[in-house]
Amino acid sequence: MKRRILYNITFILYALLVSLQTKAQQPAVYQVKRMSFNWNGFSNISPVIVKDGIIFCSNRRFSGIQDRIGYDGRRLYNIYLAEKKDTSAFRKPKVLKSERNNKFNNGPLCFAPDGKTVYFTSEVETGKIAEDRNFKNHSGIFISELSNNGTELVSIRPFKYNNPQYEVGQPSISKDGKYLFFASDMPGGQGGSDLYYCEYINGDWAQPVNLGPNVNSPEIENYPYIHPSGKLYFTSNRPGGIGKLDVYFTSLYNGHWEDPLLLPEPINSTADDFAFVAEPNLQTGFFTSNRRNNDDIYEFTSTIIRKATCDTLVENNYCYRFIEENAAKYDTMPFRYEWKFGDGSSGTGPVVEHCFKSPGTYTIQLDVVNLITKEVTYNEKSETVEVTEIEQPYISAPDKTGTNQRIVLSADSTNLPGWKIAQYYWNFGDETIAVGKLVDKSYFKPGTYNIQLIVTTEPEPGGAVREACISKNIIVIRQP
Amino acid sequence: MKLNKSIYKILLLAIFFGSPMFARLSGQPVPGKDENIPFLVTFGKDGKTSWGDDDFYQIFFFSIPKDYTKPFYIRVFDPDCGGENDEIQGEFDTKTKFSVYGGKGVDPEKNEESRGLLKGLNYKTGNLLASKIFGNEARYDNKYYTFGPFNPAEGDYNARWNSNMFKILCEGISGDDGNLYRYFLSSDPNNDVAIEGANAFTYAYHFRMWNNFKSVSHIYPYIDTGIVYIRQSNFDWDNDGNIIVVSRYKQGIQIPISNEDNWVKSNIPIEPAEVGASLDFQFHKKQGDLVKNNNVVITTENQRGDGLPFFASPIGGVPVYQPKIKVEKVKLKK
């Protein structure tokens, strides 16, 4: 009984120690910056990354004197292109014209993979009734082509699932062009606005499919964005977020949408944060937020370090095979080969295997017993074996874990002689990081994750900093 | 004074036995020193093969370096058949003929018949330089008979070895007893004085095994270029112990041995690194019941069936096994 209590106390102390130690620094993963082309006092939303810059929606004035007001008296959203001036600055945004500019909202939007076809949101009803100030016009998706000079949307036609009874909008097309995601409050959903997708089959968009209760909640889900990696980013005001509208992401795994995960601060804030888009490498991107009491577009930059080239962890191997090469060739040798491995253990045979317990210098001695004469030749041959650890950062972590299970990762066995290591940086392969020699981690989604451990030294004389990266895969399986 | 005389004697003995002359006095024996074989053996032609002689004759070749031009002698120890060393069958009634040949036809590399391995063909090739028949003659018992002097130029010149070749044939021309004898190639008719660079070899070794458990005899076949395996044939071993083949690359391969009056053959693979050197065939006596007076025959040939010579002084020296340890990492199992 006493032993059990002692064991429990020891275990709790150990857990506490590990917990304290593994409360490693969790640096901010993203940095955000408000874009220069936002216009205070007007809404600037729904960025789209294009080759020449950013396309976004804004209800700003066309110019100092030109303005557009809808039939309901509200300012109209239009689509603008902010061309890149250089790597950090943008030119003054220019409006993308269309026949709908004057009377209806234009945007949010997306481009099909051909770069020419534009899917954008606008009002469904364009007849006389739409001019009634009290008429509730619903949004729909419209398909158009970008003019050759890239300044106008032409050949506009409606999406077949638009309906004057409910909202359909905020399109996003997958990189293969086969799936169109959008938001809608059509009947049959989970409540509020839900996310749907249509599959492109035989030259036409098939019936919309609700993404189901794992993604959609009774609250608002909108602004879907299907990233080239297959991750689906969207916005929701569901409980559990940081505040108001927040950006979440999910992925399709074995035909099911995973439980959505909340993007961390500072992308999400206590204000509305929505309409997230990102470059293919997820290192930079844009989103909208009213954190400064104005709908503005922000750029985010990931501070996550992920090395393009990183060595794969090689397990230390202290196991050796010793072969008396000439003896191993023949099976009619009237001799017995007795090996002493220098660590107190021994083996018999022309070919033996032995695993040393730790690195060191071992003298291997071979004694041979002549089975005919019974003579023993002691130390007929000896070899010195240097058993060393591989010089590399070392990731001590399980090969496999379950979702939502806390695992501890350690860099304690790192073997880099002469290095004064200043930082152990962990990239867990799921856009999360940690810093420290001993860290903990939980994965929420099943899959195979490539963990990178990047170690950097203190500045050496002359200021040089040495860096080494090692990676290891971990398999996360779903745990109920 | 007595003490001074003793010291003087010791010093003289030390100088004598420690001098190169002593080394030369040890002679150039056949069987060779490294072979540790007590006697060669030839039975009278009326003997039984089961006594350990398959053909009742034995040929040994001597190579004399070309630059040795002085007379030389072949001394035969205990050439008679009778007395202390020889093997009696009933009574000693055996006559043994020793014949020395030189000149064209002797060199076994140029004349395969000369080796004496081809049954029915004339192995008495070359010019007969000397011969003598011995019976049961006490004056030769445990003593030498010396053939010679011979002029080295009377040999059959072999360019590869740059030597003049001679051979001595021992035949059991009558009777059934076993004649046990040894040779010494000497530059002196009365002493065993080795000829530097000379050697002796045979293609079919007929010899007597030791009558004790501990002594290990050896023979040293030479592995010439182009050999990938050799085939050994041993005769009438009476299942007496083990034959182990050793080289610089073989710690010891055990080969099958014959029983009473039969031949056993087996192949031995040759490593490329073994070419140009000698193998060491070791003959270990059977432990337990001692097999006495065991006479045996052994031959070797290459993969083409050409006989291989056994040199009394092994070419390249006595091969000593060199262990070779390879250390490799074992792949970790996931």
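Sequence order as written defines the numbering, with residues in each chain counted from 1. Written order determines the labels here, with chains lettered from A and ligands numbered from 1. Note on the predicted model: pLDDT of at least 70 is required for a residue's local features to be given, and 80 or more for side-chain atom pairs to be given and counted; whole-chain, interface and lining totals, by contrast, use all residues.

Caption draft 1: Broad picture of the overall build of chain B. Counting its secondary structure elements, chain B contains two helices and 21 strands. Counting across all 334 residues of chain B, residues that qualify as buried make up 46%. Two residues qualify as a contact pair if the distance between their C-beta atoms, derived from the backbone, is within 7 Å. Taking as baseline every contact in chain B between residues at least 6 positions apart, the subset at least 24 positions apart corresponds to 81%. Under the DSSP-based scheme used, a helix requires at least four consecutive residues in state H or I and a strand at least two consecutive residues in state E, with every element numbered from the N terminus. For every residue, the other C-beta atoms within 10 Å of its own C-beta are counted; 20 or more classify it as buried, 12 or fewer as exposed, and values in between as partly exposed. C-beta atoms are placed from the backbone.

Caption draft 2: A look at the overall build of chain A. In terms of regular secondary structure, chain A is built from two helices and 37 strands. Residue burial in chain A is summarised as follows: out of 480 residues, 34% are buried. Put simply, 53% of the contacts in chain A that link residues at least 6 apart link residues at least 24 apart.

Caption draft 3: Quick peek at the nonpolar core. The term nonpolar core refers to a set of buried Ala, Val, Leu, Ile, Met, Phe, Trp, Tyr and Cys residues connected through C-beta atoms within 7 Å. Ranked by internal contacts, the top residues of the largest apolar core, which has 79 residues, are Phe62(B), Ile74(B), Tyr183(B), Leu185(B) and Ala200(B). Among the elements that make up this core, the one with the highest residue count is strand β3 (residues 57-65) of chain B (six residues). Beyond its immediate chain neighbours, meaning those up to four positions away, Leu185(B) contacts Gln28(B), Phe62(B), Phe72(B), Ile74(B), Ile195(B), Ala198(B) and Ala200(B). Core analysis: the second largest hydrophobic core is formed by 59 residues, Phe120(A), Leu146(A), Val168(A) and Phe182(A) among them.

Caption draft 4: Examining the sheet that holds strand β28 (residues 351-355) of chain A more closely. In this description, strands pair whenever DSSP reports at least two bridges between them. Across the sheet, three strands lie side by side as β28(A)-β25(A)-β21(B); this open sheet has antiparallel pairing. Bordering the open sheet on either side are β28 of chain A together with β21 (325-329) of chain B, each of which pairs with just one other strand. Going across the sheet, the axis of each strand differs from the next one's by a mean of 20°, ignoring polarity. Pairing geometry for strand β25 (residues 319-324) of chain A and β28(A), over five bridges, is antiparallel. Paired with Arg321(A) across the two strands is Glu353(A), which belongs to β28(A). Axis geometry follows a simple rule: fit a line to the C-alpha atoms, using only the stretch in contact for helices, then measure angles between N-to-C directions, giving values from 0 to 180 degrees.

Caption draft 5: Structural view of the environment of Trp51(B). Here Trp51(B) shows up in the loop between β2 (39-43) and β3. Apart from residues no more than four positions distant in its own chain, Trp51(B) is found in contact with Phe43(B), Gly178(B) and Asn295(B).

Caption draft 6: Local environment of the sheet that holds strand β26 (residues 335-340) of chain A. Residues and elements named next belong to chain A. Strand order across the open sheet formed by four strands is β27-β26-β29-β30, with antiparallel pairing between neighbours. Strand pairing shows two members of the sheet lacking a second neighbour, β27 (346-348) and β30 (376-387), which therefore form its edges. In this sheet, adjacent strand axes meet at a mean angle of 20° when their direction is disregarded. Examined bridge by bridge, β26 and β27 share three bridges and lie antiparallel to one another. Along β27, the bridge assignment pairs Glu 338 with Thr 348.

Caption draft 7: Structural view of the confidence of the model for chain B. Residue and element names in this part refer to chain B. Averaged over chain B, the pLDDT score is 88; the fraction of residues at 70 or greater is 91%. Here pLDDT means the predictor's own confidence in every residue, given as a number from 0 to 100. Across chain B, strand β5 (residues 95-102) holds the top mean pLDDT of 97, while helix α2 (residues 20-25) sits lowest at 32. Scored below 50 in pLDDT, residues 1-27 makes 13 contacts in the model with residues more than four places away or belonging to other chains. Across the interface, the model reports ipTM at 0.73; the global pTM reads 0.59.

Caption draft 8: Summary view of the interface of chain A and chain B. On the chain B side, the residues contacting the 24 residues of chain A number 18 residues. Among the secondary structure elements, those contributing two or more residues to the side of chain A that touches chain B are β25, α2 (325-329) and β30 of chain A. Among the elements that take part in the side of chain A that touches chain B, β25(A) stands out by supplying six residues, more than any other. Under the convention adopted here, Pro, Cys and the residues Ala, Val, Leu, Ile, Met, Phe, Trp and Tyr are nonpolar, Asp, Glu, Lys and Arg are charged, and Gly plus all remaining residues are polar. Here the side of chain A that touches chain B is built from residues that sort into 12 nonpolar, four polar and eight charged.

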